Amino acid sequence: MVTVTTQSGQRRAPKAAKTSSVFKKVVMAVSGIILVLYLIAHMIGNLKAFAGREDFNHYSEWLRTLGNPALPGSTALWIIRLVLLAAVAAHIWAAVSLWRQAKRARPQGYVTKKAVAQSYASRTMRWGGVIIAAFVIWHLLDLTWGAVNSEGHDGTPFDRMLASFQNPLSVAFYAIAVILVGMHLRHGIWSATQTLGQSNRRREVTVNYAATGIATVLTLGFLLTPFSILFGLID
Amino acid sequence: MTMTEDGPRAATAPHEKPGMRLTLRIWRQPDASSRGKMVDYRLDDVSPDMSFLEMLDVLNEQLIMEGQDPVAFDHDCREGICGMCGVMINGRAHGNGMNEGAVQTTTCQLHMRSFKDGDTIDIEPWRATPFPVIKDLAVDRRSFDRIIQAGGYISVATGTAPEAHATPVPKKDADNAFDAATCIGCGACVAACPNASSMLFTAAKVTHLGLLPQGQPERNDRVVNMVSQQDREGFGGCTNIGECSAACPKGISMETISRLNHDLLGALRAGARPKS
């Protein structure tokens, strides 16, 4: 051990536990879990494309009237949207805050640094997250609001989906983003388990297999629809 | 040093052929407030049987003979048990993973047989805001002491040692606590972490004391105060990448981090708050 000293090195004002790095990680983990549950529901919804135009549009109409007649109009959908928006905001806040903390903790980098344990997935969490956020904005402009879609807002959801995924560039962007999401989940699910204190040496292998499994199923599930449209299997 | 009489071993004995010629690129920084830079040094006739620190001793003798300032580096036991030595060697904490076929512990246990004639070796100090460079390769790790002072202890009345069998400890808990207690506080976890986080160090202490009956009375306060102190020192946050555990000379596992998080969440729910 190093020299023991009684001198206090506290330069900054003490912070409450609520702003601790671990608390930020918990915010990250919980908001991440909400988003993963949403992704599972979203993937199942996307696969409705294989049921044909009628079913797909019917499903999208059902989403808007979810909870009727107990809840009026699109209340349920808006509640889901607000929860998702809050989860995304919390996730980004925690990520940016921890990113800045890491930068402050090592302003001068190494001349030579070799990674021994880190995976590609864990290395791309931050910039991957930024790309995913950019994709989500484009994705909403394209398929929800129709602002950058040739079918516009007046077309049916199925028409907008066809218009977008018949364009190879659009499919390429989508595929890159979905693969990044898959990698994000590969590390994120393992990391969330650690952060919530639910991992141990015995469970570690299972948790990592589960993380890879969920990430792979979601990635393939999301890629199936756009590529099927691109190759004319759905029209 | 004893040498075997048989041919092949004797033929490779260090004194029968010239040693390795190495280029060392070492971080030189006169003091904490100056800017540092990498400086090249040539070292001829390095024996493969030297430890890494002995190689630095040879370099320093050469520098002193030439009237130059020797390279400052921390070291003490040179047996891999004190946690005093530690530098980044070719970008790896303690040169971890370079010792072929051997379990490497700390920098002092790395031997020059892990390098080849003509190699260039980059040597840098641990880099983290809470580990400011004192000089060259020596860093100030008192931030670790302050994390310990925040809760890494148990309060007991001193005096006659109690009867050892008075407090039974389950074998599994004793083993796990001891695994965590092997942490020597060298700082390799912080040095290797992409976020410069001290999570593995703090987690080892929280695990070690939290698994034992003696650690229970202060368990909740310990974890909130130690985590609060490591944030206050300016360490980064943990993103569970695993570089720390891979670099740890004592093989402290990632499990300890999960245990710290578990304890912290429990302590916060129980109303424990860090003292300011």
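So, a few notes on the structure that sits alongside this text.

## What about the overall build of chain A?
Part 1: Each helix and strand in chain A was counted, giving 8 helices and 0 strands.
Part 2: Tracing chain A from N to C terminus, the helices and strands come up as α-α-α-α-α-α-α-α.
Part 3: Taken along the three principal axes of its C-alpha coordinates, chain A extends 75 × 45 × 35 Å.
Part 4: Within chain A, buried positions represent 28% of all 235 residues.
Part 5: A separation threshold of at least 6 residues defines the contact pool for chain A, and within that pool the share at least 24 residues apart is 70%.

## Some points on the interface of chain A and chain B
Part 1: Listed by partner, the interface residues are 48 residues for chain A and 56 residues for chain B.
Part 2: Those elements that place two or more of their residues in the side of chain A that touches chain B are helix 1 (21-46), helix 3 (75-105), helix 7 (168-195) and helix 8 (201-230) of chain A.

## A closer look at the packing of helix 1 of chain A against helix 3 of chain A
All names here are of chain A.
Part 1: Following both chains from N to C, one finds helix 1 and helix 3 inclined at 145°, their axes separated by 8 Å at the closest point. Considering how the two elements wind past one another, helix 1 and helix 3 form a crossing that is left-handed. Mapping the contact onto sequence places S21, K24, V27, M28, S31, G32, I34, L35 and Y38 in helix 1 and V83, L84, A87, A90, H91, A94, A95, S97, L98 and Q101 in helix 3.
Part 2: Residue composition of the contact of helix 1 with helix 3, grouped by class: 12 nonpolar, 6 polar and 1 charged.

## Re the packing of helix 6 (residues 199-210) of chain B against helix 9 (residues 255-269) of chain B
All names here are of chain B.
Part 1: At a minimum axis separation of 8 Å, helix 6 and helix 9 run at an interaxial angle of 70°. Here helix 6 is positioned roughly perpendicular relative to helix 9, judged by the angle of their axes. Every residue of helix 9 that contacts helix 6 at M199, L200, T202, A203, A204, V206, T207 and G210 is listed here: T256, I257, R259, L260 and D263.
Part 2: Per-class residue counts for the contact of helix 6 with helix 9 are 7 nonpolar, 4 polar and 2 charged.

## Let's talk about the sheet that holds strand 1 (residues 20-28) of chain B
All names here are of chain B.
Part 1: Across the sheet, 5 strands lie side by side as 2-1-5-3-4; this open sheet has mixed pairing. Strands at the two margins of the open sheet, each flanked by one partner only, are strand 2 (37-46) and strand 4 (92-93).
Part 2: As paired elements, strand 3 (residues 88-89) and strand 5 (residues 120-124) share 2 bridges and run antiparallel to each other. What sits directly across from M88, in strand 5, is E124.

## Considering helix 8 of chain A
Residues and elements named next belong to chain A.
Part 1: Taking 1.5 Å of rise per residue, the 30 residues of helix 8 would be expected to cover 44 Å, and the 44 Å separating its terminal C-alpha atoms lies within 8% of that figure.
Part 2: Along helix 8, the sharpest change in direction is near 30° and occurs at L224; proline P226 comes one to four residues later.
Part 3: Summarising the contacts, the buried residues of helix 8 are in contact with helix 1, helix 6 (157-165) and helix 7.
Part 4: Of the residues flanking the end of helix 8, it is G232, one or two places downstream, whose phi is positive at about 75°.

## Here we look at the environment of H42(A)
Residues and elements named next belong to chain A.
Part 1: Residue placement: H42 occurs in helix 1.
Part 2: Assessed through the 14 C-beta atoms surrounding it within 10 Å, H42 is described here as partly exposed.
Part 3: Here the alpha-carbon distance between H42 and S31, two residues 11 residues apart in the chain, equals 16 Å.

## Overview of the pairing of strand 1 of chain B
Residues and elements named next belong to chain B.
Part 1: The pairing of strand 1 with strand 2 spans 8 bridges and is classified as antiparallel. Among the inter-strand pairings, R25 is bridged to a residue of strand 2, identified as D40.
Part 2: Inspection of the sheet shows strand 1 paired to strand 5 by 4 bridges, in the parallel sense. What sits directly across from I26, in strand 5, is I123.

## Notes on unusual backbone geometry
Part 1: Here the amide bond leading from N68(A) into P69(A) is cis, since omega sits at 0°, within 30 degrees of zero.
Part 2: When you line up the elements, P69(A) lands in the loop between helix 2 (53-64) and helix 3.
Part 3: Positive phi values are uncommon outside glycine, yet D136(B) reaches one of about 45°.
Part 4: Checked against the element boundaries, D136(B) lands in the loop between strand 6 (133-135) and strand 7 (138-139).
Part 5: Overall, D136(B) belongs to the buried group, with 24 C-beta atoms counted inside 10 Å.
Part 6: You will see that N240(B), though not glycine, has its phi angle at about 55°, which is positive.
Part 7: Secondary-structure assignment places N240(B) in the loop between helix 7 (219-233) and helix 8 (243-247).

## A few points about helix 2 (residues 52-65) of chain B
All names here are of chain B.
Part 1: The first and last C-alpha atoms of helix 2 sit 20 Å apart over 14 residues, in line with the 20 Å expected at 1.5 Å per residue.
Part 2: Three or more residues of helix 2 are buried, namely F52, M55, L56 and L59. Along the long axis of helix 2, the arc covered by the buried residues comes to 100°, so they all point the same way. Across helix 2 from its buried face, at more than 90 degrees, point the exposed residues E61, I64 and M65.
Part 3: At its buried positions, helix 2 is contacted by strand 1 and strand 2.
Part 4: Two residues or fewer after helix 2 comes G67, characterised by a positive phi angle close to 80°.

Each value, and the rule that gives it
- Residues numbered from 1 in each chain as written.
- Chains lettered and ligands numbered in written order.
- Predicted model: local features only at pLDDT ≥ 70, side-chain atom pairs only at ≥ 80, totals over all residues.
- Helix = DSSP H or I, 4+ residues; strand = E, 2+ residues; numbered from the N terminus.
- Buried ≥ 20, exposed ≤ 12 C-beta atoms within 10 Å, placed from the backbone.
- Contact = placed C-beta atoms within 7 Å.
- Axes fitted to C-alpha atoms, helices over the stretch in contact; angles between N-to-C directions.
- Left-handed = near helix turned anticlockwise from the far one by under 90°.
- Nonpolar A, V, L, I, M, F, W, Y, C, P; charged D, E, K, R; others polar.
- Parallel < 35°, antiparallel > 145°, perpendicular 65-115°, else oblique.
- Pairing = 2+ DSSP bridges.
- Expected span 1.5 Å × (residues − 1).
- Bend = angle between axes of the 7 residues up to and from the residue.
- Arc of directions from axis to C-beta.

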